[in-house]
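# Descriptive analysis of the structure
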Amino acid sequence: MSLLTILEYPDPRLRTKATPLVAADFTAALQQQIDDMFETMYEAPGIGLAATQVDFHKQLIVIDVSEEKNQPWVLINPELTPLEPTCELMQEGCLSVPEYTADIERYLRIKVTSLDRHGNPQEFECEGLLAHCVQHECDHLKGIVFVDYLSRLKQERLRKKYLKLQKA
Ligand code: NI
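Residues numbered from 1 in each chain as written. Predicted model: local features only at pLDDT ≥ 70, side-chain atom pairs only at ≥ 80, totals over all residues. Heavy atoms only, no water.

## Focus on the coordination of the nickel ion
What counts is decided by this rule: Note: metal donors comprise N, O and S atoms at 2.8 Å or less from the metal (3.2 Å for Na, K and Ca); water molecules are not included, so apparent gaps in a site are possible. Secondary structure elements follow DSSP: runs of H or I of four or more residues count as helices, runs of E of two or more count as strands, with numbering from the N terminus.
In this structure, Cys94 (SG), His136 (NE2) and His140 (NE2) serve as the protein donors to the nickel ion, at separations of 2.1 to 2.3 Å. Written as a sequence motif, the donor arrangement for the nickel ion is C-x41-H-x3-H. Residue His136 and its partner His140 are both found in helix α2 (residues 128–141); the two are separated by 4 residues, about one turn of the helix.

Shown next as structure tokens:
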């Protein structure tokens, strides 16, 4: 296994829209990519990582919100449906925006349909932290970073701050 490089905001590659995986994509190389993404996420440490963040533009997400880091969950070609209109604010961070957090509003309860790492269909209902995490990671696959929900002024400040940090 090997650690992958995580793209950092405002890298334009984070704006790439990921394409769905097809049957022919389920190769040994894909299994390696998934293992490398888990290793990279655990090492960071983080609770979720979208393929977009490691410059791999397929609809693939790895998540583990457990304290013991023993509940790895792979989502391929995920689709979300809110189970109720209720939203909640929760503090979010992102491995692509180091050392920054903001309160973001997301659906409280969602249904997630996707494929697992071997291409088998799976369907889950989730809420709270896991629901926030899934929505955050699915945004990455669409080229959306959580800071996009902040005011333009805050976004401009962050963009300048991170560009300066990356030059240093
Ligand atoms: Ni993120």
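Picking up where we left off.
## Focus: the environment of Ala51
Defined as follows: Contacts between residues were defined by any pair of non-hydrogen atoms, one from each residue, lying within 4.5 Å.
Along the chain, the position of Ala51 falls in the loop between β1 (48–50) and β2 (60–63). For the pair Ala51 and His140, spaced 89 residues apart in sequence, the C-alpha separation works out to 8.2 Å. Residue contacts for Ala51: discarding those within four places in its chain leaves Met37, Phe56, Lys58, Leu60 and Leu141.

## Points about the side chain of Asp139
Formally: Only protein chains enter the accessibility calculation, which uses a 1.4 Å probe; a residue whose area is less than 20% of its type maximum is buried, one above 50% is exposed, and one in between is partly exposed.
For Asp139, the position within the fold is in helix α2. Taking relative accessible area as the criterion, Asp139 reaches 7% and is therefore assigned buried. Aside from chain neighbours lying at most four places away, what touches Asp139 is Arg106, Ile144 and Tyr149.

The quantities given are spatial measurements derived from coordinates; they are silent on function.
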